[in-house]
Amino acid sequence: MNLDQNLALLMLFLLGFLGLSWWLKHTKQHKPLLGTPLMKTLAIMPLGPKEKIVLMELSDTWLILGITAHSINTLHTVPKGSIPLPTPPIAPQTLIKLLKKLKKQD
C-alpha cells in the first residue's frame, strides 16, 4: 500500500467515526447515562470541593443524601412535597440588569 491509499483509508475511517457520532447524537437511540424516570435530582448544595448534599426524588419519597468523593450516605428521608423546593439562583447578568432597571425607576 502506498501513501495515497493509507491517507484515503484514514480519511474514510475519520469520516465514518464522525458520521457515527452524529447519528448517535441526533437519533436518540442511546440511553441517557444519568437519571431515570424513577429518580430525579431536585436540589444540590455544595459543601466543599468534593462534598455536597443532594435532594433526590424517588417515587413518593425524597431522599437527602450526603455525597463525598468516597461514599454516598442517606442523611434523611421525607415524604414527597414536605419540604419547599429552593428557587433557581438568578444568573449574575440577569441580576445586574434587574438592578439597573430598579435604579432607573428611582
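Here the residue index of a chain counts from 1 through its sequence in written order. Side-chain atom pairs in this predicted model are given and counted only at pLDDT of 80 or more, local residue features only at pLDDT of at least 70, and totals for whole chains, interfaces and linings cover all residues. The side-chain quantities take in all heavy atoms of the structure and omit both hydrogens and water.

Caption draft 1: View of the pairing of strand β3 (residues 61-67). Each residue is assigned to one of three classes by its accessible area relative to the maximum for its type, calculated with a 1.4 Å probe on protein chains only: buried under 20%, partly exposed between the two thresholds, exposed over 50%. Put simply, DSSP H or I for four residues or longer makes a helix, DSSP E for two residues or longer makes a strand, and each gets a number counted from the N terminus. In terms of residue burial, β3 counts as a mostly covered element, since six of its seven residues are buried. Note: strand β2 (residues 52-58) against β3, seven bridges, orientation antiparallel. Residue Leu55 lies in a different strand from β3, and its bridge partner there is Ile64. Paired strands, as defined in this entry, are two strands with at least two bridges between them according to DSSP. Where β2 folds back onto β3 in an antiparallel hairpin, the turn is made up of two residues, including Ser59, whose phi is positive at roughly 60°. Linkage of β3 to strand β4 (residues 72-79), two consecutive antiparallel strands, is achieved through a turn of four residues.

Caption draft 2: Focus on the side chain of Glu57. Inspection of the secondary structure assignment puts Glu57 in strand β2. Judged by relative accessible area, which is 13%, Glu57 ranks as buried. Of the polar contacts made by the side chain of Glu57, one reaches the side chain of Lys80; its length is 3.1 Å. Setting aside residues no more than four positions away along its own chain, Glu57 makes contact with Leu38, Met39, Lys40, Leu42, Trp62 and Lys80. Throughout this description, a polar contact denotes any pair of N or O atoms lying within 3.5 Å of each other; where both atoms belong to protein, one of them has to be capable of donating a hydrogen while the other can accept it, and for residues adjacent in sequence the pair is counted only when both atoms sit in side chains. Any two residues whose heavy atoms approach within 4.5 Å are treated as being in contact.

Caption draft 3: Summary view of the pattern of salt bridges. Any carboxyl oxygen of Asp or Glu within 4 Å of a side-chain nitrogen of Lys or Arg constitutes a salt bridge here. Summed over the entire model, instances satisfying the criterion amount to one salt bridge. Linking Lys80 and Glu57 is a salt bridge whose minimum nitrogen-to-oxygen distance equals 3.1 Å. Taken together, the positions of Lys80 in the loop between β4 and α2 (92-105) and Glu57 in strand β2 put the pair 23 residues apart, joining distant regions of the chain.

Caption draft 4: Helix α1 (residues 3-27), seen in detail. Relative to the 36 Å expected for 25 residues at 1.5 Å per residue, α1 spans 36 Å between its end C-alpha atoms, a close match to the ideal helical length. N-capping of α1 is provided by Asn2, with a side-chain oxygen placed 3.2 Å from the backbone N of Asp4. Here the expected span of a helix is defined as 1.5 Å times the quantity of residues minus one.

Caption draft 5: Region of interest: the environment of Lys52. Structurally, Lys52 can be placed in strand β2. On the accessibility criterion, Lys52 (34% relative accessible area) is partly exposed. Along the backbone, Lys52 and Thr68 are 16 residues apart, and their C-alpha atoms lie at a distance of 6.7 Å. Those residues in contact with Lys52, other than ones at most four positions away along the chain, are Ile44, Met45, Pro46, Leu47, Leu65, Gly66 and Ile67.

Caption draft 6: Broad picture of the sheet that holds β2. The four strands lie next to each other as β1-β2-β3-β4, forming an open sheet whose pairing is antiparallel. Of all the strands in the sheet, just β1 (39-46) and β4 have a single pairing partner and so form its edges. With strand direction ignored, the average angle separating the axes of adjacent strands in the sheet is 20°. As judged from the seven bridges shared by β3 and β4, these two strands associate in the antiparallel manner. The residue of β4 that forms the bridge with Trp62 is Val78. For every element, the axis is a line fit to its C-alpha atoms; helices are fit only across the contacting stretch, and the angle between N-to-C directions ranges from 0 to 180 degrees.

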